[in-house]
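Fold and geometry: a report
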Protein chains: 2
Amino acid sequence: MKELKQRILQEANVGEGDIIHVDMFLNHCMDMELMERMGNEMAKRFRGEKITKVLTVESSGIALACFVGRALRVPVIYAKKFQTGYIDPNVYSAETHSFSFGKSYTIRVSKKYLGRDDRVLLVDDILANGQAALALLELVSKSGAEAAGMAVAIEKKMREGGSVLRRMGLRVEALAVVERIEGDRIILADA
Amino acid sequence: MKELKQRILQEANVGEGDIIHVDMFLNHCMDMELMERMGNEMAKRFRGEKITKVLTVESSGIALACFVGRALRVPVIYAKKFQTGYIDPNVYSAETHSFSFGKSYTIRVSKKYLGRDDRVLLVDDILANGQAALALLELVSKSGAEAAGMAVAIEKKMREGGSVLRRMGLRVEALAVVERIEGDRIILADA
């Protein structure tokens, strides 16, 4: 998606450990018009897939997931990673690990909202090592639902997440793909 | 807002400590059409207020804040309560306490995104004791910005948050007001 690629090249910068800082439009101070257009584009790519639910995980994927859900006219579930708000104690749960923060988490979705009739689209802001995605897939699998694919704003191709998920047979769509980072420069695929 | 009140009366239920469970449409599995209409209604109520930023806090207010920000055509910032995604280390921070979970948190917003030219609308899903709102107001105040008001989906009138904020001179708009809870029954104002 051209607009996202331009924003990355013009505004994003590179931090320690090849972390890409996109807090200025994507995951802290969010540009709503961009978010909506990204959500619409993700929805378009999965329009034929008979999606019944959009699933993301707290917190940085929630905004994008909302615009995808709105465009597809399906509910959006966010798996809980933290103790925020009530959820039913009867949950599907899975363990995940964030390499960026060196922390492990249990993510949880109430059993009421995922089941064998669901076709689920996973949505997140950034795909790197794919740990969060694998945990979401585990929740989907435990519920008996089917994962129809994953849509992310930015895929970091120098990390293994995308290729692991695709080898598992999951359709993964990224709106921008980072090939590699050279010093302070972000090199995008097809940019 | 009639539609929200009906959903509360038809679907919500009451848990221990007068917690209202609205995970089925508001803060776990989210009904996007309802969320969008709530966001539009909140935006309408603050349309004349020259809002420049919408501010919420992780995680349950993010979805609503997005639809408000989209309708007002302004950026949405979510204050970080957890270690998720990158934010600049140069932050405004404030302490807050969740009575529901018996936990204290530090919330943080990057200094880059709030400043003295901003008029900020706070958005959250539920207003009870108002601790999160007070911490958000502290961030706004530290940044030199002005708080134009707060919009919440549900205000629990039997808790003090709404009256504390209004006594401070803040305009608070709730789409549904819970007067009290009687056993398992939720009693709404003007429902």
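If you look chain A up in an unreviewed UniProt entry, it shows as Xanthine phosphoribosyltransferase from Candidatus Flavonifractor merdigallinarum. Database annotation for chain A, UniProt heading Subunit (unreviewed entry): "Homodimer." Here chain A is described in UniProt, under the heading Subcellular location (unreviewed entry), as follows: "Cytoplasm".

Residue and element names in this part refer to chain A. Packing of helix α2 (residues 32–45) against helix α3 (residues 62–72) brings their axes to within 8 Å, and their N-to-C directions diverge by 55 degrees. In terms of their interaxial angle, α2 and α3 are classed as oblique. The crossing of α2 and α3 is right-handed. Where α2 abuts α3, its residues Met32, Met35, Glu36, Met38, Gly39, Asn40, Met42 and Ala43 lie against Ala63, Leu64, Phe67, Val68, Arg70, Ala71 and Leu72. Tallied by class, residues from the contact of α2 with α3 come to 11 nonpolar, 2 polar and 2 charged.

Interface size is often expressed as the accessible area that is lost when the parts come together. Residue-level contacts link 44 residues of chain B with 44 residues of chain A. Taken over both partners, the interface formed by chain B and chain A buries close to 3900 Å², and the fraction arising from carbon and sulfur atoms is 61%. Considering only the side of chain B, the residues that lose the most area to chain A are B:His28, B:Gln83 and B:Tyr86, jointly responsible for 19% of the buried surface there. Run the count over chain B and chain A and you get 6 salt bridges. Close ionic contact of A:Glu36 with B:Arg70 constitutes a salt bridge, the shortest N to O distance being 2.9 Å. Viewed at the interface, chain A and chain B are joined by 21 residue pairs in polar contact (both at pLDDT 80 or more). Listing elements by their share of the side of chain B that touches chain A, those giving two or more residues are β3 (29–30), α2 (32–45), α3 (62–72), β5 (76–79) and β7 (103–110) of chain B. Residues of the side of chain B that touches chain A, tallied by class, amount to 22 nonpolar, 10 polar and 12 charged.

Attention shifts here to the relation of the copies chain B and chain A. It takes a turn of 180 degrees to lay chain B on chain A, together with a shift of 0.0 Å along the axis; the resulting RMSD is 0.0 Å. The symmetry that links the two subunits is that of a two-fold axis. Interface residue correspondence from chain B to chain A reaches 100%, placing this contact among same-surface, isologous pairings.

Turning to the sheet that holds strand β11 (residues 185–188) of chain A, a few remarks are in order. Pairing is mixed across the open sheet formed by 7 strands, whose spatial order is β11(A)-β10(A)-β9(A)-β8(A)-β4(A)-β5(A)-β3(B). At either margin of the open sheet sits one strand with a lone partner, and together these are β11 of chain A together with β3 of chain B. Of the pairings in the sheet, the one linking strand β9 (residues 146–156) of chain A to strand β10 (residues 172–182) of chain A comprises 6 bridges and is parallel in character. Considered in β10(A), the bridge of A:Val152 is made with A:Ala174. Most of the contacts of α2(A) go to β10(A), to which it runs at about 120 degrees, and overall it touches β8 (119–127), β9 and β10 of chain A. Contacts from helix α4 (residues 131–143) of chain A reach β4 (53–57), β5 (76–79), β8 and β9 of chain A, with the element oriented near 165 degrees to β8(A).

Definitions and cut-offs
Residues numbered from 1 in each chain as written. Chains lettered and ligands numbered in written order. Predicted model: local features only at pLDDT ≥ 70, side-chain atom pairs only at ≥ 80, totals over all residues. Heavy atoms only, no water. UniProt positions renumbered as here; feature names shortened; annotations may be inferred. Axes fitted to C-alpha atoms, helices over the stretch in contact; angles between N-to-C directions. Helix = DSSP H or I, 4+ residues; strand = E, 2+ residues; numbered from the N terminus. Parallel < 35°, antiparallel > 145°, perpendicular 65-115°, else oblique. Left-handed = near helix turned anticlockwise from the far one by under 90°. Contact = heavy atoms within 4.5 Å. Nonpolar A, V, L, I, M, F, W, Y, C, P; charged D, E, K, R; others polar. Buried area = accessible area lost by both parts, 1.4 Å probe. Salt bridge = Lys/Arg side-chain N within 4 Å of Asp/Glu carboxyl O. Polar contact = N/O pair within 3.5 Å; in protein donor to acceptor, adjacent residues only side chain to side chain. Least-squares fit on C-alpha atoms with pLDDT ≥ 70 in both. Pairing = 2+ DSSP bridges.

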